[in-house]
Amino acid sequence: MADAPDRDVAEERRDYYERISPLGLAPLWETLHALVPKQPATPLLPVKWDYDNQIREKLLDAGRLISAEEAERRVLILENPAMRGQASITQSLYAGLQLILPGEKAPPHRHSQSALRFVIEGSGAHTTVDGDRAIMQPGDFVITPSRHWHEHGNETDVPMVWLDGLDIPLVRFLDAGFAQGADRPVQVEQRSAGDNFNRFGRNLAPVDWQARTPSSPLFSYPYVHSRTVLETMALNDPIDPCHGHKLRYVNPATGGWPMPTIGAFIQLLPKGFESLPYRGTDSTVFVVVEGEGRSVVGDTLFQWKPRDIFVLPSWTPVTHRSESEAVLFSFSDRPVQQALGLWREQRGDEERDWI
């Protein structure tokens, strides 16, 4: 008899929910714990893509099936298994591998979404941003900021592949996306190749230059320079127990992030280095640049080698061990989280908020 009132209340509540649903109303008390969790409860899964053994052949097959001009951008999207069909590698970021074959051009366009390129394979193709051309080499980090005209071309005799990283899911969530194609097949180049790095990459800028956007005026960050800085850090700085020797790419005009929605990093792991556990609220995409090793992401073990790509979901512990000296590139939405006061990290057993 004591259970009867509970069943009656439950039935009355179900009837109530059915009556308010057509009015666009729902009871918060049924979902509060999921909406305001005690800690991040990401749906993302740890996942790794083996570039040499799984991806490269499929990319070249795409090159035979569709031209870069016909596709506009010939890209294979890297989708997190937990978010299939959503063109998302994390909740806020998109990633894909783009192929430009010898002699091809990807026509100019621009869009609201910010983008990065990280060169995986090939040497000598170019990206042109607002009339400035950068020649791309393996390991180079290149940005095409929001609303800037950009195009790609490959005048070499080998295929060129890079990882695209964009804030597509974030811009889609905000309903803030615009895109525009150019009325001519190529941009009019206004400066010689390399001018952008010479102008902004050496702690100098034209005396009357004024920033037009919050993104970096330097759009090409050559790997040869990043690698030199990592080597200098390894010689002179103590090793970070969680990261090895780690750098963040910066906007030279402000010292901030290269783009307001995407942060990028590069780190060197000495041979035999084994990190302490680390986790942060920014889900992160890693690319192996050099070396071999392994990472334990939550309960998942990834053995990696150059050109492999893997995902670290939000608030998931990770440890790295390098079997040889290794370099990892990574990107995440940390700038957005920091700007909103949301980013948080835990190093070993120490947890602290960003200040």
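Shown above is the structure to which this text applies.
The residue count restarts for each chain, going from 1 along the sequence in the order it is written. It should be noted that, the model being predicted, local features are given only for residues of pLDDT at least 70 and side-chain atom pairs only at 80 or more, the latter also being counted only at that level, while totals for whole chains, interfaces and linings use all residues. By convention in this description, side-chain values take in all heavy atoms of the structure and omit both hydrogens and water.

## Brief notes about the sheet that holds strand S5 (residues 115-121)
Then, number 1: Spatially, six strands are ordered S2-S3-S10-S5-S8-S12 in an open sheet, and the strand pairing comes out antiparallel. Because the sheet does not close on itself, it has two edges, and the strands there are strand S2 (75-77) and strand S12 (220-221).
Then, number 2: Relative to strand S8 (residues 141-144), S5 is paired through four bridges, and the arrangement is antiparallel. Within S8, the position partnered with arginine 117 by the bridge is valine 142.
Then, number 3: We call two residues in contact whenever any of their non-hydrogen atoms come within 4.5 Å of each other. Between the N-to-C directions of two axes lies an angle of 0 to 180 degrees, each axis being a line fitted to C-alpha atoms and, for a helix, fitted only over the stretch in contact. To qualify as a helix, a DSSP run of H or I must reach at least 4 residues; to qualify as a strand, a run of E must reach at least 2; elements of each kind are numbered from the N terminus. Contacts from helix H3 (residues 51-65) reach S2, strand S3 (94-100), S5 and strand S10 (160-166) within the one sheet, and its direction differs from that of S3 by about 60 degrees. Criterion used throughout: strands pair if DSSP finds at least two bridges between them.

## Observations concerning a negative patch on the surface
Then, number 1: Think of a patch as exposed residues, more than 30% relative accessible area, with no salt bridge, where like charges cluster within 9 Å and nonpolar side chains (Val, Leu, Ile, Met, Phe, Trp, Tyr) cluster within 5 Å. Only the protein chains shown count as cover for residues, and all accessible areas are computed by the Shrake-Rupley method using a 1.4 Å probe. We define a salt bridge as a contact between a side-chain nitrogen of Lys or Arg and a carboxyl oxygen of Asp or Glu at a distance within 4 Å. This count recognises Lys and Arg as positive and Asp and Glu as negative, with His and chain-terminal groups excluded. To locate a charge, take NZ of a lysine, CZ of an arginine, CG of an aspartate or CD of a glutamate. Judged by side-chain charge, Asp6, Asp8, Glu11 and Glu12 come together as a negatively charged surface patch.
Then, number 2: Secondary-structure assignment places aspartate 8 in helix H1 (residues 4-20).

## Some points on the sheet that holds strand S16 (residues 284-290)
Then, number 1: Taken in spatial order, the six strands line up as S1-S19-S16-S21-S14-S13 in an open sheet, and their pairing is antiparallel. Edge strands, defined here as strands with exactly one partner in the open sheet, are strand S1 (47-49) and strand S13 (245-248). On average, adjacent strands in this sheet sit at an angle of 20 degrees to one another, irrespective of strand direction.
Then, number 2: As defined by bridge partners, S1 adjoins strand S19 (residues 309-312) across three bridges and the pair is classed as antiparallel. Residue pairing across strands places tryptophan 49 opposite isoleucine 309, the latter belonging to S19.
Then, number 3: Contacting S13, strand S14 (263-269), S16 and strand S21 (326-332), helix H7 (residues 223-236) crosses the sheet at an angle of about 135 degrees to S13.

## Let's talk about the pairing of strand S9 (residues 150-153)
Then, number 1: Note on exposure labels: buried denotes an accessible area under 20% of the residue type's maximum, exposed denotes more than 50%, and partly exposed covers the range between, all computed with a 1.4 Å probe on protein chains only. Neither face of S9 is exposed, since His150 and His152 on one face and Glu151 and Gly153 on the opposite face are all buried.
Then, number 2: The pairing of strand S4 (residues 105-111) with S9 spans three bridges and is classified as antiparallel. Among the inter-strand pairings, alanine 106 is bridged to a residue of S9, identified as histidine 152.
Then, number 3: Looking at chain direction, strand S6 (residues 126-129) and S9 are connected through four bridges and run antiparallel. Opposite histidine 126, over in S9, you have glycine 153 as the bridge partner.

## With respect to the packing of aromatic side chains
Then, number 1: Stacked, edge-to-face and tilted labels apply to pairs of Phe, Tyr and Trp rings (six-membered ring for Trp) whose centres lie within 6.5 Å, assigned for plane angles under 30 degrees, over 60, and everything in between, in that order. In total, this model carries 13 aromatic pairs according to the counting rule given.
Then, number 2: Taking the centre distance of 6.3 Å and the plane angle of 50 degrees together, the rings of tyrosine 17 and tryptophan 29 count as tilted. With tyrosine 17 in helix H1 and tryptophan 29 in the loop between H1 and helix H2 (32-35), this residue pair connects regions lying 12 residues apart in the sequence.
Then, number 3: Measuring from ring centre to ring centre gives 5.9 Å for phenylalanine 302 and phenylalanine 310, while their planes differ by 50 degrees; the resulting arrangement is tilted.
Then, number 4: Taking the relative accessible area as the measure of exposure, phenylalanine 302 reaches 8% and is therefore buried.
Then, number 5: Here a set of aromatic residues connected by ring pairs shows up, and it is made of Phe118, Phe141, Tyr221, Tyr249, Phe329 and Phe331.

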